[in-house]
Amino acid sequence: MTFRISAINPGLGNPDLQLYAVDTTPRVAAGTIVQAVDDIGIMQVGEFIYMQASVAVLAAQAVVYELGPNDAVALTASGTHANKGRTVAVALTDIALNSWGWFQISGCAAVKALAAVDGAIVMISATAGSLSSGVIAGCQVNNAVFSGALNTPAAGLAYVTLNRSSIQTQIT
């Protein structure tokens, strides 16, 4: 999918925020959220958040993030993030350490996946930056579902529908 900023966000004053660009200095405030339309593919709307990568991130990798005094973007991993309730996003492009870029937080995203079944629940996996439909205790991604099988749209990827998703919190 190829997204572009649309007239949905007229208040930003910049119709071309270049969703696939990587910046060494921020072009908008950290945490800015925009809507964009995939006008080349299947005409879907997605939401994207602008953040600084505190680790190097590859396109389509899943990340967890926090906004606040200690902003952080980290690759998802079951051993580190299970039961943490942290929010999940997907990188649109490769983003170098300490660089700025856009991450998808809602809509249909292509994500690195180890296993995926259309309609299945989404789990963070033990492989950093990848999601899976294989069940791992404490690792379900709430408000997310696989929207296609593994290797669609490409090898090692799957479509997932996000809705400002987060990892489940600890069940007592």
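A brief report on the enclosed structure follows. (Residues numbered from 1 in each chain as written. Predicted model: local features only at pLDDT ≥ 70, side-chain atom pairs only at ≥ 80, totals over all residues. Heavy atoms only, no water.)

1. A few points about the pattern of salt bridges
Step number 1: Scanning the entire structure with this criterion turns up 3 salt bridges.
Step number 2: A salt bridge links Asp23 to Arg27; its shortest N-O distance comes to 2.7 Å.
Step number 3: Since its relative accessible area comes to 34%, Arg27 is described here as partly exposed.
Step number 4: Across the pair Arg86 and Glu66 runs a salt bridge, and its minimum N-O distance is 3.2 Å. (Salt bridge = Lys/Arg side-chain N within 4 Å of Asp/Glu carboxyl O. Buried < 20%, exposed > 50% of the residue type's maximum accessible area, 1.4 Å probe, protein only.)

2. Structural notes on the environment of Trp102
Step number 1: Here Trp102 shows up in strand E7 (residues 100–115).
Step number 2: A C-alpha to C-alpha distance of 9.5 Å links Trp102 and Ala89, two positions 13 residues apart in sequence. (Helix = DSSP H or I, 4+ residues; strand = E, 2+ residues; numbered from the N terminus.)

3. Some details on the nonpolar core
Step number 1: Val122, Leu131, Val141, Phe146 and Val160 are the most contacted members of the largest nonpolar core, which totals 22 residues.
Step number 2: Contributions of two or more residues to this core are made by strand E4 (62–66), strand E6 (87–91), E7, strand E8 (121–124), strand E10 (140–146) and strand E11 (157–167).
Step number 3: Counting residues per element, this core draws most heavily on E11, which supplies 4 residues.
Step number 4: Aside from chain neighbours lying at most four places away, what touches Val122 is Leu131, Ser132, Cys139, Gln140, Val141, Ala144, Val145, Phe146 and Val160.
Step number 5: In this structure, Met51, Val73, Ala89 and Ala91 belong to the second largest nonpolar core, which totals 12 residues. (Core = buried A, V, L, I, M, F, W, Y, C linked by side-chain atoms within 4.5 Å. Contact = heavy atoms within 4.5 Å.)

4. What to know about unusual backbone geometry
Step number 1: A cis geometry characterises the amide bond from Thr152 onward to Pro153, with omega recorded as 20°.
Step number 2: Within the secondary structure, Pro153 sits in the loop between E10 and E11.
Step number 3: One non-glycine residue, Arg164, lies in the positive phi region at around 50°.
Step number 4: For Arg164, the position within the fold is in strand E11.

5. Description of the environment of Ile49
Step number 1: Residue placement: Ile49 occurs in strand E3 (residues 45–52).
Step number 2: Of the residues examined, Ile49 reaches a relative accessible area of 2% and is grouped as buried.
Step number 3: Along the primary structure Ile49 and Val90 are separated by 41 residues, whereas in three dimensions their C-alpha atoms are 9.8 Å apart.
Step number 4: Other than its neighbours up to four places away in sequence, Ile49 contacts Gly31, Thr32, Ile33, Tyr65, Leu67, Gly101, Trp102, Phe103 and Ile105.

6. Some points on the environment of Phe103
Step number 1: Within the element layout of this structure, Phe103 appears in strand E7.
Step number 2: Accessibility expressed as a relative area gives 0% for Phe103, which makes it buried.
Step number 3: Separated by 12 residues in sequence, Phe103 and Ala91 place their C-alpha atoms 4.5 Å apart.
Step number 4: Here Phe103 is in contact with Glu47, Phe48, Ile49, Met51, Val57, Val63, Val73, Ala89, Val90, Ala91 and Ile95, once residues within four sequence places are set aside.

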